[in-house]
Amino acid sequence: MYKYCGYDSFITAYPEIELPRMKDVPGMRVERVPKISGDWIEDSCVWLKDNAKRIDVLNLYHLCSRSLKHLLTYKLHNPQGKVYLKLDGVPLTRATDGLKIAKGICKYVKGAEYIIKRLICIMMAKAFTLVSTELYENADILTKRLKRKVICVPNPLNPNEIHEYRPFSERSDTILTVGRLGTKQKATEILLEAFARIANQIPKWTLKLVGSISENMNIADEFFAKYPDMKERVLFAGAIENREMLSEVYRDAKVFAFPSRWESFGIALTEAMMNGCFAVCSRIPSSTSLTENFRFALGHDVDDVDSLAENLLYACTHEAEIERLAIEGRNATLRRCDLKSVCEIIAEELKRT
């Protein structure tokens, strides 16, 4: 918004909070909120009370009690100001705070919590100037549920991380996945089992898993105990924090596996397609939206090991076809998640309100 739409944008944070990604937006400011009580909501509301009148647009995230407190504080001290609420890709997932509020209101009234939660969410949503969600399908759902207009604003790509397309002839025969490995959400065990089933049919291919593994998870040990011959074919690479190194990992792989049981937006899938990987995904709202109903990807039902294995095998044995689709997916991703376009959508909607 600062770079493309002329806003004097700034982020607020406690003095000790480091914001390493600020280097990607030269010219953006950080204003530090004095740490008085140590409670971020309380301290930021005090800061907001003193600074509300010089803020034209307040940008908040998620439909929760924190956002409600910031909204009320801001509007009380700047009634003419505008508030933009950015929701993630899961309808009302962050509205669980609404349920907590409902429990306090009707602690002993059986069955009333859900109704009051919905009413609280609807009343909160109507108070915002602009509300967006990350997925197109959810915009219509939320518009109906919240009884107000909700637009789609995809998560944009960082222009500094967009590289020239690397052809498959210069990549390794690698299936890649990126995420918090071993969690129920990421369904890592489904991917491992699917690869093990087809490994003999694609002897030159390897599976690379990038991401952290919680200390109480033994997913790697359990897999290698079951499939000891896979130790040379399956690589647990750990978390990669360096963004350039991560981009290189994406650009070296031909296939990206995204077997999640649920997601909000699907940042890793977006990054993979941006870098020209062919996507093999579970059929969940985020992957359906990001692949335009699997127009340039292969989909399988959640937890369906057989279908995932078939899709991976097809992708690994039809290189010319999947590269063509990978390029198509990359181009669509670059158009949809273009940072300037995303900012212009927000700016235009704010002008209308």
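Everything below is about the structure shown above.
Let me sum up the structure you'll find in this document.

Rules of the game
- Residues numbered from 1 in each chain as written.
- Predicted model: local features only at pLDDT ≥ 70, side-chain atom pairs only at ≥ 80, totals over all residues.
- Heavy atoms only, no water.
- Helix = DSSP H or I, 4+ residues; strand = E, 2+ residues; numbered from the N terminus.
- Rg over C-alpha atoms; globule rule 2.2 N^0.38 Å.
- Buried < 20%, exposed > 50% of the residue type's maximum accessible area, 1.4 Å probe, protein only.
- Lys, Arg positive; Asp, Glu negative; His and termini not counted.
- Charge placed at Lys NZ, Arg CZ, Asp CG, Glu CD.
- 1 Å grid on protein atoms, 1.4 Å probe; cavity = no way out; pocket = protein on both sides within 12 Å on 5 of 7 lines; lining within 4 Å.
- Points joined across faces, edges and corners; volume = space filled by probe spheres on them.
- Nonpolar A, V, L, I, M, F, W, Y, C, P; charged D, E, K, R; others polar.
- Patch = residues over 30% accessible without salt bridge, like charges linked within 9 Å, V, L, I, M, F, W, Y side chains within 5 Å.
- Areas by Shrake-Rupley, 256 points an atom, 1.4 Å probe, with all protein chains shown as cover.
- Salt bridge = Lys/Arg side-chain N within 4 Å of Asp/Glu carboxyl O.
- Core = buried A, V, L, I, M, F, W, Y, C linked by side-chain atoms within 4.5 Å.
- Contact = heavy atoms within 4.5 Å.
- Polar contact = N/O pair within 3.5 Å; in protein donor to acceptor, adjacent residues only side chain to side chain.
- Pairing = 2+ DSSP bridges.
- Axes fitted to C-alpha atoms, helices over the stretch in contact; angles between N-to-C directions.
- Expected span 1.5 Å × (residues − 1).

Now for the overall build of the chain. Secondary structure summary: the chain contains 14 helices and twelve strands in total. The C-alpha atoms of the chain give 23 Å as radius of gyration, which agrees with the globular expectation for 353 residues (20 Å, within 12%). Overall size of the chain, expressed as C-alpha extent along the three principal axes, is 65 × 50 × 40 Å. Here the chain holds 353 residues, and the buried ones make up 50% of them. Side chains of the chain carry 51 positive and 47 negative charges; the gap between the two charge centres is 7 Å.

Now for empty space enclosed by the protein. One pass over the structure, following the stated rule, counts three cavities of 30 Å³ or more. Surrounding the largest cavity, Thr177, Val178, Gly179, Leu181, Lys186, Ala187, Thr188, Leu191, Ala257, Phe258, Pro259 and Ser260 form its lining. Elements with a minimum of two residues in the lining of the largest cavity: strand S7 (174–178), helix H7 (188–198) and strand S10 (255–258). Classifying every residue of the lining of the largest cavity gives seven nonpolar, four polar and one charged.

A few words now on a nonpolar patch on the surface. A cluster of nonpolar side chains, Ile11, Ile17 and Leu19, forms an exposed patch at the surface whose accessible area comes to about 200 Å². When you line up the elements, Ile17 lands in the loop between strand S1 (10–13) and strand S2 (29–32). Looking at Ile17, the relative accessible area reads 38%, which means it is partly exposed.

What follows deals with the nonpolar core. Counting 64 residues, the largest nonpolar core has Ile175, Val234, Phe236, Phe256 and Leu312 as the members making the most contacts within it. It is H7 that contributes the most residues to this core, seven residues altogether. If near-sequence neighbours (up to four positions away) are discounted, Phe236 is found in contact with Leu181, Leu192, Leu209, Ile213, Ile219, Ala220 and Phe224. By size, the runner-up hydrophobic cluster in this structure holds 22 residues, among which are Ala52, Leu71, Val131 and Val150.

Here the focus is the environment of Asn51. Within the element layout of this structure, Asn51 appears in helix H2 (residues 40–51). Here the alpha-carbon distance between Asn51 and Met28, two residues 23 residues apart in the chain, equals 18 Å. In terms of polar contacts, Asn51 uses its side chain to reach the backbone carbonyl oxygen of Trp47, at 2.7 Å.

With that settled, consider the sheet that holds strand S5 (residues 130–133). Judged by pairing direction, the sheet is parallel, and its four strands sit side by side in the order S3-S4-S5-S6 without closing on themselves. In this open sheet, the two strands that pair with only one neighbour each are strand S3 (57–61) and strand S6 (151–152). Bridge count between S3 and strand S4 (residues 82–86): five bridges; the pairing is parallel. Across the sheet, Val57 pairs through a bridge with Lys82, a residue of S4.

Bringing the sheet that holds S10 into the picture now. Spatial strand order, S9-S8-S7-S10-S11-S12: six strands in an open sheet with parallel pairing. Looking at strand neighbours, the two that pair on one side only are strand S9 (234–238) and strand S12 (297–300), the edges of this open sheet. In this sheet, neighbouring strand axes are inclined to one another by 20° on average, regardless of whether the strands run parallel or antiparallel. In this sheet, strand S11 (residues 278–282) lies alongside S10 in parallel orientation, the contact comprising four bridges. Across the sheet, Phe256 pairs through a bridge with Ala279, a residue of S11.

The end-to-end C-alpha separation of H2 is 16 Å, in line with the 16 Å expected for twelve residues at 1.5 Å each. Those residues of H2 that fall on the buried side of the exposure criterion are Asp43, Ser44, Cys45, Trp47, Leu48 and Asn51. Close packing links the buried residues of H2 with S1, S2, S3 and helix H3 (65–77). N-cap assignment for H2: the residue whose side-chain oxygen lies 3.0 Å from the backbone N of Ile41 is Asp39.

The phi dihedral of Asn293 is positive, around 60°, even though this residue is not glycine. Mapped onto the secondary structure, Asn293 falls in the loop between helix H11 (285–290) and S12. Assessed through its relative accessible area of 57%, Asn293 is described here as exposed. The phi dihedral of Phe294 falls on the positive side, at around 65°, and the residue is not glycine. With respect to the element layout, Phe294 can be found in the loop between H11 and S12. Using a relative accessible area of 11% as the deciding quantity, one classes Phe294 as buried.

With that out of the way, let us pick up the side chain of Asp43. Along the polypeptide, Asp43 turns up in helix H2. Notably, Asp43 is buried but unbridged: the nearest opposite-charge side chain belongs to Lys35, and the N-O separation is 7.3 Å. Reaching out from Asp43, the side chain makes a polar contact with the backbone nitrogen of Ile36 at a distance of 3.2 Å. From its side chain, Asp43 meets the backbone nitrogen of Gly38 in a polar contact 3.1 Å long. Residues in contact with Asp43, not counting those within four places in the same chain, are Tyr14, Val33, Pro34, Lys35, Ile36, Ser37 and Gly38.

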